[in-house]
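Structural description and commentary
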Amino acid sequence: MFNIFAGVKDKRFIKHGTILLILGFLAYYLYCITVGEQVNLLTTILPAETGWAIPDITNILTYGSLASVVLVFIANTLFMKTDTKKLMVGAAVIAAVCFAGMGYSSTAASFGVFFVTFFVLRVIIVVLQHGTNLMCNNWWGANRGKALGICTIGAPVASATFVGMATAGQGAGLKFAGIYYIIAACVVVLAVLIGAFFKSTPEQLGLHVDGADAALSAGREEHGNMKISEVLKMGDSWLVIISFGIFTFGTTMITAFFVTHMITAGVSASYYLPALSAGAIIGIPLSYLLGVVDDKWGTPKASAVMGLLYIVGFIAMYLTQGNNMGLIALAAVGYAGITGACPNLNPSINTYVYGRKNFLSATRVVMALQMVIAAFANSYMGYFVAAGKS
């Protein structure tokens, strides 16, 4: 039940599948720090060095999030017509340039450079996210939830490590620019790895879904052509759009502003940093376990469990004042569930509702509309933080 390669006899599938899961993990790590974790730096270190206002910084993320709605539709349409790897390598290279540009902007005190590079980064990063989702959908059927659960572990690992590493770098004398130049170099390495090893379908290597033999994999359906109007007419579509739109809104808020909120609530760094790390570490097994629940009992039940974790996390954060370890611990558990589950279950629910055949046709519509809801999360929190509340 827990082994994604259980029963797979073809060692080539295990080898290439493992490599792809690692690449998916790295892509989600990068996605998470782009849309969430780095905001902890952009609202603390960057304003301290440049004097730029927090709402001006976070508004760019909102603009980029809205623009990425269009790119989600375009990217998933292009995935239907061209090789996923080419798009992902191009997106990774652009992301690397943008990280370097953001770092440079702080030394040049150029808000214009920062605006452009941060905006483009937020838009282009969805290509890596959705390319990873598609890869999991194409390579795994019965074990789709586990595959997504492994790749999306990148999100809680980013939460557990990114802020701490950046803080350590700052303590070692690095400024904002130095931190971002290092990130850019790492993203270049990721682009090279994707170019060398990524395969969007097992058939490109003469393999079959889930590592099955040719007989079991025969008759596999190709990408469907579900029309936009057909997607929008389905009642389940609006349930998915609204529910996961709200979930993504909440995920964006808690990952981007956890540290900022704790500071505003009077929590000492010696309390909230371990809680942040602990919550993220708990999110690592939770991501995979909810993938197991997804495969065995269905995505709706796994999503209901995630919803309970959201409630626990946000209520605990709202009530936290000062170094109340009990509430901070509950907030960390909720944080774990949010960061560990939402990136996993969001694409999986699309396969559950529309089937693998229509995954791309539906995803380009459903997830684009979810992003409209989630796009305002950073500005929403940014204004509260600027007012001394969160």
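Residues numbered from 1 in each chain as written. Predicted model: local features only at pLDDT ≥ 70, side-chain atom pairs only at ≥ 80, totals over all residues. Heavy atoms only, no water.

Side note on the overall build of the protein
If you tally the helices and strands in the protein, you get 17 helices and zero strands. Compactness check: the protein gives a C-alpha radius of gyration of 20 Å against a globular reference of 21 Å for 390 residues, within 12% of the reference. Viewed in the frame of its principal axes, the protein has a C-alpha envelope of about 60 × 45 × 40 Å. The buried share of the protein, reckoned over its 390 residues, is 56%. (Helix = DSSP H or I, 4+ residues; strand = E, 2+ residues; numbered from the N terminus. Rg over C-alpha atoms; globule rule 2.2 N^0.38 Å. Buried < 20%, exposed > 50% of the residue type's maximum accessible area, 1.4 Å probe, protein only.)

What to know about the environment of I74
Here I74 shows up in helix α4 (residues 54–79). Classification of I74 as partly exposed rests on a relative accessible area of 39%. Through-space distance from the C-alpha of I74 to that of R364 is 7.5 Å; in sequence the pair is 290 residues apart.

Overview of the packing of aromatic side chains
In the structure shown here, the tally under the stated rule is 18 aromatic pairs. Geometrically, the ring pair formed by W139 and W140 is tilted, given 6.2 Å between the ring centres and 40° between the ring planes. The residues W139 and W140 share a single accessibility class, namely buried. Members of the aromatic cluster, each reached through a chain of ring pairs, are W52, Y63, F111, F114, F115, F118 and F119. (Phe/Tyr/Trp six-rings, centres within 6.5 Å; stacked < 30°, edge-to-face > 60°.)

Re the pattern of salt bridges
By the definition in use, this model includes three salt bridges. Between R144 and D294 there is a salt bridge, with its nearest N and O atoms 3.8 Å apart. In this pair, R144 is assigned in helix α7 (residues 144–151) and D294 in helix α13 (residues 269–297), connecting sequence segments 150 residues apart. Using a relative accessible area of 10% as the deciding quantity, one classes R144 as buried. K146 is paired through a salt bridge with D295; the nearest N and O atoms lie 3.2 Å apart. Of this pair, K146 sits in helix α7 while D295 sits in helix α13, placing them 149 residues apart in sequence. Residue K146 is classed as buried on the basis of its relative accessible area, which comes to 5%. (Salt bridge = Lys/Arg side-chain N within 4 Å of Asp/Glu carboxyl O.)

Some points on a nonpolar patch on the surface
The grouping of I228, L232, W238, I242 and I246 at the surface amounts to a nonpolar patch, some 430 Å² of accessible area in total. Of all elements in the fold, only α11 (228–233) and α12 (235–264) reach the threshold of two or more residues within the nonpolar patch. Broken down by element, the residue count for the nonpolar patch peaks at three residues, all from α12. Structurally, L232 can be placed in helix α11. Judged by its relative accessible area of 30%, L232 falls in the partly exposed class. (Patch = residues over 30% accessible without salt bridge, like charges linked within 9 Å, V, L, I, M, F, W, Y side chains within 5 Å. Areas by Shrake-Rupley, 256 points an atom, 1.4 Å probe, with all protein chains shown as cover.)

Description of the side chain of N350
With respect to the helices, strands and loops of the structure, N350 is situated in helix α15 (residues 325–354). Relative accessible area serves as the criterion here: at 0%, N350 is assigned to the buried category. With near-sequence residues (within four places) excluded, N350 lies in contact with V240, G355, F359, T363, V366 and M367. (Contact = heavy atoms within 4.5 Å.)

A few points about the confidence of the model for the protein
With 94% of its residues at a pLDDT of 70 or more, the protein has an overall mean of 86. Highest mean pLDDT in the protein belongs to helix α9 (residues 176–197) (96); lowest belongs to helix α10 (residues 214–217) (48). Within the model, pLDDT remains below 50 along residues 215–222, and this stretch shows eight contacts once partners closer than five positions in the same chain are excluded. (pLDDT = per-residue confidence, 0-100.)

Here we look at the packing of α4 against helix α6 (residues 111–139)
Look at α4 against α6: their axes get within 8 Å of each other, and the N-to-C directions meet at 35°. Here the hand of the crossing between α4 and α6 comes out right-handed. Of the residues assigned to the contact of α4 with α6, the class counts are 19 nonpolar, six polar and two charged. (Axes fitted to C-alpha atoms, helices over the stretch in contact; angles between N-to-C directions. Left-handed = near helix turned anticlockwise from the far one by under 90°. Nonpolar A, V, L, I, M, F, W, Y, C, P; charged D, E, K, R; others polar.)

Looking at the side chain of S68
You can see S68 is positioned in helix α4. Residue classification places S68 among the buried residues on the basis of a relative accessible area of 0%. Not counting residues within four places of it along the chain, the set of residues in contact with S68 comprises R122, V123, V126 and M371.

Quick look at α13
The terminal C-alpha atoms of α13 lie 40 Å apart, and with 29 residues this matches the ideal 42 Å at 1.5 Å per residue to within 8%. At I284, α13 shows its strongest bend, of approximately 25°, with the proline P285 following within four residues. Here α13 has its buried residues at Y272, A275, L276, G279, A280, G283, S287, Y288, L290, G291, V292 and D294. (Expected span 1.5 Å × (residues − 1). Bend = angle between axes of the 7 residues up to and from the residue.)

Some remarks on the environment of I57
With respect to the helices and strands, I57 occurs in helix α4. In this structure I57 comes out as buried when scored by relative accessible area, which is 0%. Other than its neighbours up to four places away in sequence, I57 contacts L42, L46, P47, W52, F111, F114 and F118.

Some points on the nonpolar core
When a protein is soluble and globular, its nonpolar side chains tend to lie buried together. L42, F99, F114, L128, W140 and Y180 are the most contacted members of the largest nonpolar core, which totals 116 residues. By residue number, the principal contributor to this core is α6, which donates 13 residues. (Core = buried A, V, L, I, M, F, W, Y, C linked by side-chain atoms within 4.5 Å.)

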